[in-house]
Amino acid sequence: MAEAITVARPYAQAAFLFASTHGTLKDWSDMLGLLAGIASDDSMRELIDSPQLTETQLADLFIDVAADRVNEKCANFVRVLAANGRLQLLPEIATLFEIQRRDAEGTVQAELVSAFPASEAQQAAVIASLRKRLGRDVELSCSIDKALLGGAIIRAGDLVIDGSVRGKLQRLGTALNH
């Protein structure tokens, strides 16, 4: 995994530099997200690994599947990736691009995982707390994990705050065993 990220980084940086220079960060973010989804599809991964298609045919296939949702510059990016045998790296490229975009925009993506749906007030409180702690705007996504029993886990970049009942019980069990 680390090797794929390492190989993907220069491509993500090139896409970011181009998009930021042309003021199209959001557009490129959307296009790369779409292409990453295409590259993650099981049938497409088989085609990428198959020697039956040339690099040009693979690039054309990606561009055709994406249809009119990628512009010509992004289509050229796909052609470069195909020519270098790097289409399988599109998910990593999209992830790295998003990290750079959020850094440039001063935002961070956070995830709130709770045992029960979080209310609007709870979400607002988490956003306000993270904004104060991280000094950045926060984009919050929420999900439910019934295995938590109660409480919540918050992930924002490298920061993980485990306030779940399950996490507290695990920490208590560890403390009692030592």
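Residues numbered from 1 in each chain as written. Predicted model: local features only at pLDDT ≥ 70, side-chain atom pairs only at ≥ 80, totals over all residues. Heavy atoms only, no water.

With eight bridges connecting them, strand β1 (residues 107-114) and strand β2 (residues 137-144) associate as parallel partners. Counterpart to Val 108 in the pairing with β2 is Val 138. Traced from β1 through helix α7 (residues 120-134) to β2, the parallel crossover comes out right-handed. (Pairing = 2+ DSSP bridges. Helix = DSSP H or I, 4+ residues; strand = E, 2+ residues; numbered from the N terminus. Right-handed = clockwise from strand over helix to strand, strands pointing away.)

Another point: the nonpolar core. Trp 28, Leu 32, Leu 35, Phe 62, Leu 87 and Ile 93 are the most contacted members of the largest nonpolar core, which totals 35 residues. Contributions of two or more residues to this core are made by α1 (2-21), α2 (25-40), α3 (42-49), α4 (55-66), α5 (72-83) and α6 (90-105). If you look at the next biggest cluster of nonpolar residues, it comprises ten residues, including Ala 110, Leu 112, Leu 130 and Ala 156. (Core = buried A, V, L, I, M, F, W, Y, C linked by side-chain atoms within 4.5 Å. Buried < 20%, exposed > 50% of the residue type's maximum accessible area, 1.4 Å probe, protein only.)

What follows deals with the packing of α2 against α5. Following both chains from N to C, one finds α2 and α5 inclined at 40°, their axes separated by 11 Å at the closest point. Put simply, α2 runs oblique to α5. By crossing handedness, the relation of α2 to α5 is classed as right-handed. Contacts from Trp 28, Met 31, Leu 32 and Leu 35 in α2 reach Lys 73, Cys 74, Phe 77 and Val 78 in α5. (Axes fitted to C-alpha atoms, helices over the stretch in contact; angles between N-to-C directions. Parallel < 35°, antiparallel > 145°, perpendicular 65-115°, else oblique. Left-handed = near helix turned anticlockwise from the far one by under 90°. Contact = heavy atoms within 4.5 Å.)

A word on the layout of surface pockets. Taken as a whole, the largest pocket holds about 210 Å³ of empty space. Elements represented by at least two residues in the lining of the largest pocket include exactly α6 and β1. Here the element with the most residues in the lining of the largest pocket is α6; it accounts for four residues. By residue class, the composition of the lining of the largest pocket is two nonpolar, three polar and five charged. (1 Å grid on protein atoms, 1.4 Å probe; cavity = no way out; pocket = protein on both sides within 12 Å on 5 of 7 lines; lining within 4 Å. Points joined across faces, edges and corners; volume = space filled by probe spheres on them. Nonpolar A, V, L, I, M, F, W, Y, C, P; charged D, E, K, R; others polar.)

With that settled, the discussion passes to the sheet that holds strand β4 (residues 159-162). Overall, mixed pairing links the four strands, which are arranged β2-β1-β3-β4 in an open sheet. The open sheet has two edge strands with one neighbour each: β2 and β4. Within this sheet the neighbouring strands show an average axis-to-axis angle of 15°, counted without direction. Its contacts with the sheet place α6 against β1 and β2, and it is angled at close to 115° to β1.

This paragraph deals with a nonpolar patch on the surface. A contiguous nonpolar surface patch, about 500 Å² in accessible area, is contributed by Leu 149, Val 165, Leu 169, Leu 172 and Leu 176. On the accessibility criterion, Leu 149 (55% relative accessible area) is exposed. (Patch = residues over 30% accessible without salt bridge, like charges linked within 9 Å, V, L, I, M, F, W, Y side chains within 5 Å. Areas by Shrake-Rupley, 256 points an atom, 1.4 Å probe, with all protein chains shown as cover. Salt bridge = Lys/Arg side-chain N within 4 Å of Asp/Glu carboxyl O.)

The next subject is the environment of Gln 13. On the secondary structure map, Gln 13 appears in helix α1. Given the relative accessible area of 40%, Gln 13 is considered partly exposed.

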